[in-house]
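Here's the letter readout for the chains.
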Amino acid sequence: MVENLVIVESPAKAKTIEKFLGKDFLVMSSFGHVRDLEKKGFGVDIENNYTPKYIVSTDKKKVVTELKKLSKEAKTVWIASDEDREGEAIAWHLMEVLGLDVAKTKRIVFHEITKEAILKAIETPRNLDISLVNAQQARRVLDRLVGFEVSPVLWKKVKPALSAGRVQSVAVRLIVEREREINKFTPTSAFRVTAIFKVKDANGKTVDLKAELPQRFNTKEETLAFLEQCKNAEFSIADITTKPSRRSPAAPFTTSTLQQEASRKLGYSVSQTMTIAQRLYENGKITYMRTDSVNLSGLAINTAKETIYDTLGEKYHKVRQYKTKAKGAQEAHEAIRPTYIQNNSVDGTAQEKRLYELIWKRTIASQMADAELEKTTVTINVSTSDKHFVATGEVLKFDGFLRVYLESKDDEEENGSDAGLLPPVKVNDVLDMKQVDCVQRFSLKPPRYTEASLVRKLEEQGIGRPSTYAPIISTIQNRGYVVKEDREGVERQYDTLTLKKGEIKEATKTEITGAEKSKLFPTDIGLVVNDYLIKNFEMILNYSFTANVEAQFDEIAEGEREWTQMIDEFYHPFHEKVENALQTSEKANAERILGNHPETGKVISVKIGRYGPLAQLGETTNGDSDEPAEEKPQFASLRPGQSIETITLEEALELFKLPRQLGEYEEKVVTVAIGRFGPYVRHDSKFFSLEKNVDDPLTIQLDRAIELIEVKREKDRKAVIMTYDEDPEVRVLNGRFGPYISYKKKNYKIPKSQKPEELSLEECMKIIEAGPKKATRGKKKSK
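This structure is a prediction, so every number in the text was calculated from the model and none was measured. Every chain's residues receive numbers from 1 upward, in the order its sequence appears when written. Note on the predicted model: pLDDT of at least 70 is required for a residue's local features to be given, and 80 or more for side-chain atom pairs to be given and counted; whole-chain, interface and lining totals, by contrast, use all residues. Only hydrogens and water are set aside; all other atoms, that is, all heavy atoms of the structure, feed into the side-chain values.

Trainee: Help me get a handle on the overall build of the protein, residues and values and all.
Mentor: What counts as a helix is a DSSP run of H or I of at least four residues, what counts as a strand is a run of E of at least two, and both are numbered from the N terminus. A count of helical and extended segments in the protein gives 20 helices and 30 strands. On the principal axes, the C-alpha backbone points of the protein span a range of 95 × 85 × 65 Å. Relative accessibility thresholds used throughout: buried, under 20% of the residue-type maximum; exposed, over 50%; partly exposed, between the two (1.4 Å probe, protein chains only). Relative to its full complement of 783 residues, the protein shows a buried share of 46%. Considering only intrachain contacts with a sequence separation of at least 6, the fraction spanning at least 24 residues in the protein is 70%. For the area figures, the Shrake-Rupley method with a 1.4 Å probe applies, and any residue is considered shielded solely by the protein chains shown. Surface accessibility of the protein: about 41500 Å² in total, with carbon and sulfur atoms responsible for 47%. By definition in these notes, contact holds between two residues if any of their heavy atoms fall within 4.5 Å.

Trainee: Before we move on, can you summarise the nonpolar core with the specific residues and values?
Mentor: Nine residue types can take part in a nonpolar core, namely buried Ala, Val, Leu, Ile, Met, Phe, Trp, Tyr and Cys, and a core is a set of them joined through side-chain atoms within 4.5 Å. In terms of nonpolar packing, the biggest core is built from 131 residues, with Phe110, Leu154, Leu355 and Phe537 touching the most fellow members. Sort the elements by how many residues they give to this core and helix H5 (residues 130–157) lands first, with 11 residues. When residues no more than four places from it in sequence are discounted, the contact partners of Leu154 are Lys159, Leu162, Ser163, Ala164, Tyr481, Val529, Tyr532 and Leu533. With 27 residues, the next largest nonpolar core counts Ala195, Val199, Leu209 and Cys230 among its residues.

Trainee: Lay out the sheet that holds strand S7 (residues 76–79) in plain terms, naming residues and giving numbers.
Mentor: Each pair of strands is called paired provided DSSP finds at least two bridges between the two strands. Within the open sheet, the four strands sit side by side as S2-S1-S7-S8. Their pairing is parallel. Of all the strands in the sheet, the pair left with one neighbour each is strand S2 (25–29) and strand S8 (105–107). Averaged over all adjacent pairs, the angle separating strand axes in this sheet is 25°, with direction ignored. Relative to S7, strand S1 (residues 4–8) runs parallel, the two sharing four bridges. By the bridge assignment for S7, Ile7 is matched with Ile79. Packed on one face of the sheet, helix H2 (residues 61–73) meets S1, S2 and S7 and runs near 160° to S2. Axis definition: a line fit to C-alpha positions, over the contact stretch in the case of helices; interaxial angles, taken between N-to-C directions, run 0 to 180 degrees.

Trainee: Provide a residue-level description of the sheet that holds strand S29 (residues 738–743), including the pertinent values.
Mentor: The four strands are arranged S27-S28-S29-S30 in an open sheet whose pairing can be described as antiparallel. The strands lining the two open edges of the sheet, one partner per strand, are strand S27 (720–723) and strand S30 (746–749). Taken over all neighbouring pairs, the strand axes of this sheet differ in orientation by 30° on average, direction set aside. Relative to S29, strand S28 (residues 731–735) runs antiparallel, the two sharing five bridges. The partner of Gly735 across the bridge, within S29, is Gly738. Where helix H19 (residues 702–719) meets the sheet, its contacts fall on S27 and S28, and the angle it forms with S27 comes to roughly 55°. Sheet contacts for helix H20 (residues 761–770): S28, S29 and S30; angle to S29, the most-contacted strand, approximately 85°.

Trainee: Before we move on, could you go through the packing of helix H6 (residues 166–184) against helix H12 (residues 451–461) and cite the residues and values that matter?
Mentor: The geometry of H6 relative to H12 is characterised by a closest axis approach of 11 Å and an angle of 115° between their N-to-C directions. The way H6 lies across H12 gives a crossing that is right-handed. Contacts from Ala171, Leu174 and Ile175 in H6 reach Leu454, Lys457 and Leu458 in H12. Any residue outside Ala, Val, Leu, Ile, Met, Phe, Trp, Tyr, Cys, Pro, Asp, Glu, Lys and Arg is labelled polar, Gly included; the first ten of those are nonpolar and the last four are charged. A breakdown of the residues in the contact of H6 with H12 according to their chemical character gives five nonpolar, no polar and one charged. Two helices crossing with the near one rotated counterclockwise from the far one by less than a right angle form a left-handed crossing, whereas a clockwise rotation gives a right-handed crossing.

Trainee: Requested: an account of the state of the cysteines, with residues and values cited.
Mentor: In protein chemistry, a disulfide is the covalent bond that joins the sulfur atoms of two cysteines. Our working definition of a disulfide is a cysteine sulfur pair at a distance within 2.5 Å. Inspection of the entire model under this criterion finds zero disulfides. This cysteine, Cys438, is not joined by any disulfide, and Cys230 carries the nearest cysteine sulfur, 7.9 Å off. Exposure remark for Cys438: the relative accessible area of 1% places this residue in the buried category.

Trainee: Describe the pairing of strand S14 (residues 430–442), with residues and values.
Mentor: Here strand S9 (residues 189–200) pairs with S14 via 10 bridges, running antiparallel. Paired with Phe197 across the bridge in S14 is Met433. Relative to S14, strand S11 (residues 235–247) is paired through two bridges, and the arrangement is antiparallel. Looking at the pairing, Phe235 lines up with Leu431 of S14. With five bridges connecting them, S14 and strand S16 (residues 490–500) associate as antiparallel partners. Bridging from a neighbouring strand, Val439 pairs with Thr496 of S16.

Trainee: Go over the packing of aromatic side chains, please, and point to the residues and values.
Mentor: Aromatic ring pairs are described here by two measures, namely the spacing of the ring centres and the angle between the planes. Only Phe, Tyr and Trp rings are paired, with Trp represented by its six-membered ring, and only when their centres lie within 6.5 Å; those with planes under 30 degrees apart are stacked, over 60 edge-to-face, the remainder tilted. Counted under the stated rule, the structure contains 15 aromatic pairs. Judged by centre distance (6.2 Å) and plane angle (45°), the ring pair of Phe42 and Phe148 falls under tilted. In this pair, Phe42 is assigned in the loop between strand S3 (35–37) and strand S4 (44–45) and Phe148 in helix H5, connecting sequence segments 106 residues apart. Take Phe42: its relative accessible area is 28%, and that puts it in the partly exposed class.

Trainee: Before we move on, can you summarise the packing of helix H9 (residues 270–282) against helix H13 (residues 469–478) with the specific residues and values?
Mentor: Packing of H9 against H13 brings their axes to within 8 Å, and their N-to-C directions diverge by 140°. When the axis of H9 is compared with that of H13, the two are oblique. Read as a crossing pair, H9 and H13 show a hand that is left-handed. Where H9 approaches H13, its residues Val270, Ser271 and Met274 are matched on the opposing element by Tyr469, Ala470, Ile473 and Ser474. Residue classes in the contact of H9 with H13 are distributed as five nonpolar, two polar and no charged. Orientation is classified from the angle alone, with under 35 degrees giving roughly parallel, over 145 giving roughly antiparallel, 65 to 115 giving roughly perpendicular, and any other angle giving oblique.

Trainee: Go over the environment of Glu664 with me, naming the residues and quoting the values.
Mentor: With respect to the helices, strands and loops of the structure, Glu664 is situated in strand S23 (residues 660–665). Taking the C-alpha atoms as reference points, Glu664 and Leu702, 38 residues apart in sequence, are found 8.1 Å from one another.

Trainee: So what's going on with the pairing of strand S25 (residues 678–683)? Residues and values would help.
Mentor: Where strand S24 (residues 668–675) meets S25, six bridges bridge the pair, whose relative direction is antiparallel. Each residue of the ladder has a partner; that of Ala673, found in S25, is Tyr680. Where S24 folds back onto S25 in an antiparallel hairpin, the turn is made up of two residues. Note that S25 and strand S26 (residues 686–689) share four bridges and pair antiparallel. Following the sheet pairing, His683 is matched in S26 by Lys686. If you look at the hairpin formed by S25 and S26, you'll find two residues sitting between the two strands, and Asp684 has a positive phi there, around 55°.

Trainee: An account of the side chain of Asp399 is requested, with residue identities and associated values reported.
Mentor: Note on placement: Asp399 falls in the loop between strand S13 (388–398) and S14. Counted as positive: Lys and Arg. Counted as negative: Asp and Glu, with His and the chain ends omitted from the count. Salt bridges are defined as contacts in which a side-chain nitrogen from Lys or Arg sits within 4 Å of a carboxyl oxygen from Asp or Glu. There is no salt bridge for the buried Asp399, and the closest opposite charge comes from Arg403, which lies 4.0 Å off by N-O distance. What qualifies as a polar contact is a pair of N or O atoms within 3.5 Å, subject to a donor-acceptor requirement within protein and to the restriction that residues adjacent in sequence count only when both atoms come from side chains. For Asp399, the side chain forms a polar contact with the side chain of Tyr316, separated by 2.6 Å. Ignoring sequence-local partners within four residues, the contact set of Asp399 consists of Tyr316 and Ala371.

Trainee: Can you lay out the pattern of salt bridges for me, pointing to particular residues and giving the numbers?
Mentor: Going through the model one piece at a time under the given rule, you end up with 57 salt bridges. The closest approach of N and O atoms between Arg704 and Asp695, which form a salt bridge, is 2.8 Å. For Arg704, a relative accessible area of 18% translates into the label buried. Using a relative accessible area of 13% as the deciding quantity, one classes Asp695 as buried.

As structure tokens, then:
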């Protein structure tokens, strides 16, 4: 008989916790939620006060059966799922499904998996917090209602198989609006003027003093006029000011700031960061990773103090208590920090080590002294002008927290200065001008969102909560509304003017501008869906409304509001809009007329088709009538990076040059075209994909197409290990995870004891008859 059964939601968490509990405790995992809303229909009984219809999922039935058996045998059942709303809901579902006796069931929570925290939780159990459960139910039900009611509207009015999410749609709106802001942006230029003066350093050696004109000139003529003034000017020191300054460390990590900083410093995606952090938490290395609190416990603060004293000394320490600014902070009650702050590294994968180091540095830095700096500003007069140059220098007098950590920024300023120590000068010194450089600079377009900057924007708007940021960003990409990708920049010319030795020289140079790395772009279908939703469901895409819904979830979590009432207030006006959209709204395909074909005069347009964005040459009907046109129109898929909003007539004309016939190979025609899945070569009724970022379907030649054909053939040959004339459907293949048998569209694992290349047909059939090998999960026996 089991004395104590502890149920957690993850096997890794169970494995760590069982180390801290004695032989009287059996720790088991529920593998996440054991039940969810049924997938047939809404899964919500709208007529019965929005009662959720929960069912145990098929893959959890075996787990539930086992937990039921063990819970009946146990004297005490301890539910130890996470302490946030999702964790509380998991606990409630377990109690309901397993039919747990309240008298022998205890709820325990902790925000770090250490022996001290687990034993303290056992000593101080609490009751289930039904308000947290209701907040999670409210979110789940509301999102189900929105998704299940709006998605069919999109199928009918935009394109089949689309789906809409309440918070995800708002995130897409942010990205769409930023993209359009960028498309409308017209850069302006101005000339940045810098000068280099020759001065003596403390050792009498000639060194450069760099200075800049605070204002910029809008035209080349103004710039030239200023340079003419500088030809015979005297440059002298008018003023020197020195001011002390300080820099303070950033607060310890919340979910949002960890996601942002891991993206900037480590290049991790938001979901990747959360996966790694989850492993660190479940292995007892860091505190709970879904939190919007910046608070540190007294124990953490004292441990940080001891660590700083031991490694850096007393002068580097400063006690700091941070307060959470986020409204409705509701996840955990402490910032993300190492469980044992004295450990500056941990065992694990390279990714886990790097993320842990980041968390450790941020935590330690938050309890360190300010960095002390001294900033010097030198003003330089120009005798022939009322303009003046300014040189700045910054000296680090005491590094403080910078010894350990400096927070990164999303968008570093262009031409950011690396201000250092200035050479010794004094007021009224006359300077020897070496040269004056004037470079044409352009205003910067609004930056596209990265995953990290989108998280920050969502947090600023009050949209979503720590547990939802990663799913939001993953979902909008998985649904094809947004893509994360790199894009090449374009060439741009700029002018330079240089005054040196009394002579002004002009030059025109070229630079690459607009290159993007790992930025979020809306797809054409994302643009169309966004516009349709704004037009017909502005309420659910309104930023303030979405933030207000989050605030209402917070009120439910605090027990200040009844969750079904909140759903009811939302649902009726929302459902009315759904009905109205189905009956009155027009079909949306974002069709845009680009112009006419220069030779045939046929109309060229772009729109959303069944398989995505396309260009159309010709019309489907005769004029204003509904009769089909005598000549069917031609269609061409848009290329990667092209959009129905920005494509030009010239670019669309290029698309109709495809398919192109390249010539013949093996007495069969070779053509190149763009299809549903991208550009391809076709030969002998077979398709061969072009290499991304290497091959262009408009310029590829026959020799390169033949190379692609042969490369694919060689790859296919290596993939086939064995075939059998007696039964061609049986094949031994080389797959991504090793050799396997393929038979009638099913795959079968080959036992390690058998060599794939030596298998006979009879041996293959025995493996097939035995059925696909499935990994079995071992059970932990009670002690």
